[in-house]
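# Coordinate inspection notes
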Amino acid sequence: MTLAELQRLHSLPFFELLKQARAVHEANWPEAEIQLCTLLSIKTGGCSEDCSYCAQSARYNSGIEIERLMSKDAIMERARAARETGSTRFCMGAAWRGVRGGTQRFEQVLDIVRDVSSLGMEVCVTLGELGPDEAVALKDAGVTAYNHNLDTSPEHYPNIVTTHTYEDRLRTISNVQKAGMSVCCGGILGLGETIDDRLKMLEVISNFNPQPESVPINSLMPMPGTPLEGTAVVDPFDLVRMIAVTRLAIPKAKVRLSAGRTRLSDETQALCYFAGANSIFYGDKLLTAKNPAVEKDRELLAKLGLGTLAPNPAMNAPEADPDQPLSPACETGSHCGCC
């Protein structure tokens with residue numbers, strides 16, 4: 001979608017926007033099922049990046065304890081527990097700028113992925129920047145999807161991160177697509193951005209070819225010691241609007257209600273589900289922030305009559321539109337929305 005189209009949708013009266021989003025959601029996701037995902041930080045803190053929202057940056061005094069890469073046995077224990085409580089996708093995040101093939105830590109990650117993928121869940125990782133060879137290696141090891149968020153618009157991005165560029169992000173996403181993995185790519189609300197910044201981010205993501213398999217929509221959890229500490233809470237109605245516009249812009253993607261759910265009432269979460277959210281992070285922790293308890297989530301889903309999506313570890317990545325150029329295509333400086 002173009003920015004003008006997204007602006008028109010976002011400016012609709014609230015109930016008209018929800019009505020349109022609900023119709024598109026039911027046309028593409030008629031089963032009324034929610035994907036349950038568990039996110040585990042397998043290496044915490046000490047990151048060299050300066051993302052203003054992140055407590056794991058070594059540049060900020062956030063109080064986060066730096067932890068080395070978890071052992072495979074400890075990760076497998078958490079993965080099995082996630083499966084037993086109903087999670088169908090296990091996501092592993094590491095506080096690194098990126099990974100390089102041939103290094104000990106990358107080989108360790110590949111070994112972990114192989115074992116986690118044997119549990120019958122979908123496997124997602126977020127490891128920072130990724131080259132083409134590393135992307136292929138992760139795909140071969142059993143990674144279902146790679147998460148790499150754009151966070152915000154190309155214009156606002158330098159106000160949030162200076163240690164890498166928007167194009168760096170898009171280049172990683174392009175490498176993931178070419179390796180045949182699904183792309184998980186979304187953003188964060190509450191970074192001091194404007195409504196247009198949010199919609200410009202969505203414009204870039206909606207014009208990926210192929211479109212992402214999943215789109216996380218996060219609300220900033222201001223972390224002590226970071227530059228965004230004390231930032232105002234995102235208005236719940238703004239979040240619901242963004243969920244609805246995302247559903248209209250990327251109809252076949254799983255729209256994931258991600259960080260910030262501890263601040264949402266059951267009623268707000270219900271509106272998000274109605275507007276098109278059909279995936280959540282599930283469990284007691286989301287990287288370094290709290291997350292609603294398993295029992296509370298299960299209770300709400302039962303009240304709403306929502307089922308849970310079965311795992312599909314063998315799923316194919318979305319197919320590209322053959323009539324359109326592949327995007328992102330940052331090696332030529334085109335189709336990426338940031339040049």
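Read on for an overview of the structure. Note that this is a predicted model, so its numbers are computed, not measured.

The helix and strand tally for the protein stands at 10 helices and 12 strands. The principal-axis extents of the C-alpha atoms in the protein amount to approximately 55 × 45 × 45 Å. For the protein, with 339 residues in total, the buried portion stands at 56%. Considering only intrachain contacts with a sequence separation of at least 6, the fraction spanning at least 24 residues in the protein is 77%. Carbon and sulfur atoms make up 51% of the accessible area of the protein, which amounts to about 14200 Å² in all. The distance from the centre of the 33 positive side-chain charges to the centre of the 42 negative ones in the protein is 3 Å.

Counting residues in each nonpolar core, the largest one holds 90 residues, and the members touching the most others are Met-92, Leu-138 and Leu-150. Counting residues per element, this core draws most heavily on helix α8 (residues 236-249), at eight residues. Residue contacts for Met-92: discarding those within four places in its chain leaves Leu-39, Leu-40, Ile-42, Ile-75, Ile-112, Val-113, Val-116, Val-123, Cys-124, Val-125 and Thr-126. Judged by nonpolar contacts, the second largest core, of six residues, contains Cys-37, Leu-39, Cys-91 and Ala-145.

With that settled, consider the packing of aromatic side chains. A complete count under the given rule lists three aromatic pairs for this structure. Judged by centre distance (5.6 Å) and plane angle (70°), the rings of Phe-14 and Phe-15 are edge-to-face. With a centroid separation of 5.3 Å and an interplanar angle of 75°, the aromatic rings of Phe-14 and Phe-237 are classed as edge-to-face. Here Phe-14 is found in helix α2 (residues 14-28), whereas its partner Phe-237 is found in helix α8, with 223 residues between them in sequence. Judged by relative accessible area, which is 48%, Phe-237 ranks as partly exposed. Among the aromatic residues, those joined into a cluster by ring pairs are Phe-14, Phe-15 and Phe-237. The aromatic ring of Phe-281 is capped on one face by Arg-256, whose charged end is 5.2 Å from the ring centroid.

The rules we used
Residues numbered from 1 in each chain as written. Predicted model: local features only at pLDDT ≥ 70, side-chain atom pairs only at ≥ 80, totals over all residues. Heavy atoms only, no water. Helix = DSSP H or I, 4+ residues; strand = E, 2+ residues; numbered from the N terminus. Buried < 20%, exposed > 50% of the residue type's maximum accessible area, 1.4 Å probe, protein only. Contact = heavy atoms within 4.5 Å. Areas by Shrake-Rupley, 256 points an atom, 1.4 Å probe, with all protein chains shown as cover. Lys, Arg positive; Asp, Glu negative; His and termini not counted. Charge placed at Lys NZ, Arg CZ, Asp CG, Glu CD. Core = buried A, V, L, I, M, F, W, Y, C linked by side-chain atoms within 4.5 Å. Phe/Tyr/Trp six-rings, centres within 6.5 Å; stacked < 30°, edge-to-face > 60°. Lys NZ or Arg CZ within 6 Å of the ring centre and 35° of its normal.

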